[in-house]
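# Per-entry structural report
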Amino acid sequence: MNPTLGAERRTTTNPLTQLAEHGQSVWLDYIRRNLITSGELARMVEQDDVRGVTSNPTIFEKAIAGGTDYDQALRDLLGRNRHAEPNELYEALAIEDIRNATERLKPVFDRTGGDDGYVSMEVSPLLADDTDKTIVEARRLWEAVNRPNLMIKVPATPEGIPAIELLISEGINVNVTLMFSLSHYESVVHAYLRGLERCADPSSVASVASFFVSRVDTAVDRELERLGVPEALALRGKIAVANSKRVYARFEEIFEGAEFAKYRRRGARAQRVLWASTGTKNPAYSDVLYVEELIGPHTVNTMPPATLNAFRDHGVVRDRLTEGREQDAQHLQQLAEIGVDLDVITAELQEQGVQSFADSFTNLMAALAEKRTALLSEQVAHQELRLGTHEATVRARLDEWGETHVCRRFWEKDPSLWSSDPVPELADRMGWLDLHETMHEQLDDLAELTAGIQSERFRTVVLLGMGGSSLAPEVFGQVFGKSGGFPDLIVLDSTHPAAVRAVEQRFDPTRTLFVVSSKSGTTVETLSFFYTFWDRVAATTRRPGRHFLAITDPGTPLQDLAEERGFRGVVAAPPTVGGRYSALSVFGLVPAALVGVDVHRLLDRAWTMAEASSFCVSERSNPSLELGATLGELARTGIDKVTFITSASLAPFPAWIEQLVAESTGKDGKGIVPVAGETLRLPAFYGKDRLFVFLVLRAEDSPALQARADALEAAGHPVVYIRLAEKADLGQEMFRWEMAVAAASSVLGVHPFNQPDVQVAKELARQAMASGAGSAEQDGATVSIEDRDAVAAGIADWARAQPGDYVAVQAYLAPSPETNRALERVNALLQNRLGIAVTVGYGPRFLHSTGQLHKGGPNSGLFLQLVDEPRVDVTVPETDYSFGTLLRAQALGDYNALAQRKRRILRVNLGSNVAQGLADLEAALS
């Protein structure tokens, strides 16, 4: 839900059931087998007064590719005909689904006298430009399903109009789709009336006119933002509703007037307007905008599950369709006056809609072909859980979740999964569940943005961000590498002066785009980077703003700054998605697209996993909840060190999972410790606190990796083995781990979406800045690497480490390949000496990830904080501090926060020669 609305969760009255009192029927824009077999559809009919279902080939494709709903049915079909083509398989599956759904809705059909209770099935979208073939296909499907409450979906294209008329005349129910304009509606309604004129029994036929809503705002807003003038911007978010209300006014004129009277006398029904595409695409708008504004008699609203859940939660029911018609007309007139032609836009939307449906159908056929191959060869599942003696505990948790409907409640964004009391940042931080769909709507804008930047021949994209704003882009850049013709990606998330200077030396200011990325728009590190590079670019060009792009939540100080300084654009992020859950939002996808990553494929793979984990999938069959139950239940028994082992291409990925796990679970004295980059040892080396997770690209899977997993399992360690078919499966894994970690947090009894101890460290750092903290040598908390006895004594104290402890090396140093290698050696030496898990993180970036676990999680950490004395400092323009001052304050604030919580910490100053300091540290550890 949009937190700016201030709506509270409702627990007694269901707004969905109130819509019928206002003459509006709720239909569900979603169908798949598990929806029916799990009883979810029956529950929604009973509890939410859902009165119809519209099918969606995209959902069907994702359910087949990512889930197991259809596997047995496909096995049976292939058993009868091993060579069945994908279209034959689809039709057999779809017809069975449609028949089952019509049976579930038949009581609604009977109770409403045939007004509701319909299930829609589309004619192949590949036939949208062929009238005769559309008619033949519609007749065939009507006869094959053979149910009175079936509706055949036909697009309102010029070729579809005569098909609609003929089908109505033959008594075939029709759901007319892809209408975007008044002219589209006029063509459809008159085709319906002509069909009734020719129909022997008009009382036996029903039809709805599906008018698409939100896509109109998406397209019109894009034009308004291009114009950029105040009178254009003032119309954003208003045209889709005004356009829809204009159509409803025409509906009233026709069906409540003399024009329809003669048909009514013959028993004909009005062709109700069905509001389609009612999920909100723009994060700045209410997530129930296109439901609340379009409530009125003789209408249907077909809602995707996310919108239906949101409206149940905080929707307000009131007749609004007939309100404000003069203002709506004024908005449409103003749109025309500023030069935006709505007719042109809606014509293009219809063409795009036809193509989109055709693409979805083509993808569906491809998914069926792939699934057919997999079932014929019975390939190994993507995720293997080898849990040994812990299997029963995990399965018991999944059974308990099944009894309490956890999967459904997850998708309803029910905060009681984590807390029985109202808590900020629970229900209003779960927008990540729907990103795979909502971000698809922004891909055209993203492609346009990318093309514009390519046309200006930028050679480098420098991302300025921290934590959730920087980790996903860095992983995408490292895993996918540079694509031909696209700029290089540099991610800056270190405030060390040497790191800032290193970035400066790698780019040409005149050929570089800076992406300033901050959810809050107030992140001190990000703004410091901005001021620095704005200063550098402004010295070389009269239009420095063209070199800057902002990504931030709507209405933040960063947005104001970007507008004041003439940035080339501001990309709005969804307010309902927290930083560490934002990889598949604009924070991750915009930088990825700018350097040539196929973000469409990434979202597709995420969507597949989302459908595999959907609200109507049983908890035991849900791969995300299976992983979440494993993480949570094992952590409860002390197996809280999740150790990642990857194939070569995926080596960067655990850095992203690390933040997700640590910052979500590490609070209230509880938490799961992610261990990435540790040297792999023989199984006997490890204690009983380890869960090993293998992340393996299928092409890089090997007997050696599998042998390591087998050996760990044989030694009694639980193992999760996940195979990715391709690099784009990162999207799939990001969704899997997001849902799994949120579910594990429920097991542990912690709030997964806040980070209270991160703020504490920030405040202590601010205090250190205000007090003018001096050098690391002067702060009184530091041991010099030159004092070898003190260093040795500090490390010797750690010999009392207990089983279940871990070491966190906090390196407030400039990242470099040489330093990376030295820290790897330090990691290995600490493992050898202490025999416990070791993690390594650069400061200040880890403050926004594992820092929450360090301070809020269990007191099982041993902290080695490494600082240095930068040889050259860098002043931050437009401020009264330098990067050296900021870094020292952050390190000291972190130290003080750890000390306040009685953590065991050793702080070592490596001096100005970091390489030598690290070598001396290695000697001390040896």
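Bear in mind the structure is a predicted one, so any value in this text is a computation, not a measurement.

Each helix and strand in the protein was counted, giving 37 helices and 23 strands. Expected size for 926 residues packed as a compact globule is a radius of gyration near 29 Å; at 30 Å, the protein falls within 12% of this value. Projected onto its principal axes, the C-alpha positions of the protein cover 100 × 65 × 50 Å. Looking at the protein as a whole, 62% of its 926 residues qualify as buried. Residue pairs in contact within the protein that sit at least 24 positions apart in sequence constitute 81% of those at least 6 positions apart. Carbon and sulfur atoms make up 48% of the accessible area of the protein, which amounts to about 33600 Å² in all. Here the protein holds 94 positive side-chain charges and 124 negative ones, and the gap between their average locations is 2 Å.

Considering the arrangement of structural elements, one finds Thr-102 in helix H6 (residues 86–111). Excluding residues that lie within four positions of it along the chain, Thr-102 makes contacts with Val-119, Arg-147 and Asn-149.

The next subject is the pattern of salt bridges. In this structure the tally under the stated criterion is 71 salt bridges. Salt bridges here are not isolated pairs; linked through shared partners, they connect Glu-40, Arg-43, Asp-48, Arg-312, Arg-408 and Glu-412.

Put simply, helix H29 (residues 654–665) and helix H31 (residues 730–748) touch, their axes get as near as 10 Å, and they point 20 degrees apart. The angle between H29 and H31 places the two elements in the roughly parallel class. With respect to the hand of their crossing, H29 and H31 are arranged in right-handed fashion. Note on element contacts: H31 touches H29 through Met-734, Trp-737, Glu-738, Val-741, Ser-745 and Leu-748, opposite Trp-656, Ile-657, Leu-660, Val-661, Ser-664 and Thr-665. Class assignment of the residues belonging to the contact of H29 with H31 gives a composition of eight nonpolar, three polar and one charged.

Looking now at the packing of aromatic side chains. Inspection of the entire model under this criterion finds 39 aromatic pairs. Centre to centre, the rings of Tyr-90 and Phe-361 are 5.5 Å apart; their planes meet at 90 degrees, and the pair counts as edge-to-face. Linking Tyr-90 in helix H6 with Phe-361 in helix H17 (residues 342–377), this pair joins segments that are 271 residues apart in sequence. Phe-361 shares its class with Tyr-90; the two are buried.

Attention now moves to the sheet that holds strand E21 (residues 837–842). With parallel pairing, the five strands of this open sheet are ordered in space as E19-E23-E22-E20-E21. Of all the strands in the sheet, the pair left with one neighbour each is strand E19 (783–784) and E21. Pairing between strand E20 (residues 806–811) and strand E22 (residues 861–867): six bridges, direction parallel. The residue bridging Val-809 from the neighbouring strand is Leu-864, located in E22. Each of E19 and strand E23 (904–909) is contacted by helix H33 (residues 788–797), which is oriented at about 155 degrees to E23, the strand it contacts most.

Okay, the environment of Ala-699 next. Inspection of the secondary structure puts Ala-699 in the loop between strand E17 (690–697) and helix H30 (703–714). In the structure, Ala-699 is positioned 496 residues away from Ser-203 in sequence and 60 Å away in space, judged by C-alpha atoms.

Looking along the chain, the bond that leaves Gly-843 and enters Pro-844 is cis, with omega of 5 degrees. Its location among the elements puts Pro-844 in the loop between E21 and helix H35 (851–856). Within the chain, Asp-49 stands out as a residue other than glycine whose phi angle is a positive 60 degrees. Mapping Asp-49 onto the fold places it in the loop between helix H3 (40–47) and strand E2 (50–54). For Asp-49, a relative accessible area of 14% corresponds to the buried category. Non-glycine residue Arg-457 carries a positive phi angle of around 60 degrees.

Thresholds, definitions, all that
- Residues numbered from 1 in each chain as written.
- Predicted model: local features only at pLDDT ≥ 70, side-chain atom pairs only at ≥ 80, totals over all residues.
- Heavy atoms only, no water.
- Helix = DSSP H or I, 4+ residues; strand = E, 2+ residues; numbered from the N terminus.
- Rg over C-alpha atoms; globule rule 2.2 N^0.38 Å.
- Buried < 20%, exposed > 50% of the residue type's maximum accessible area, 1.4 Å probe, protein only.
- Contact = heavy atoms within 4.5 Å.
- Areas by Shrake-Rupley, 256 points an atom, 1.4 Å probe, with all protein chains shown as cover.
- Lys, Arg positive; Asp, Glu negative; His and termini not counted.
- Charge placed at Lys NZ, Arg CZ, Asp CG, Glu CD.
- Salt bridge = Lys/Arg side-chain N within 4 Å of Asp/Glu carboxyl O.
- Axes fitted to C-alpha atoms, helices over the stretch in contact; angles between N-to-C directions.
- Parallel < 35°, antiparallel > 145°, perpendicular 65-115°, else oblique.
- Left-handed = near helix turned anticlockwise from the far one by under 90°.
- Nonpolar A, V, L, I, M, F, W, Y, C, P; charged D, E, K, R; others polar.
- Phe/Tyr/Trp six-rings, centres within 6.5 Å; stacked < 30°, edge-to-face > 60°.
- Pairing = 2+ DSSP bridges.

All we've got here are geometric facts, nothing functional implied.
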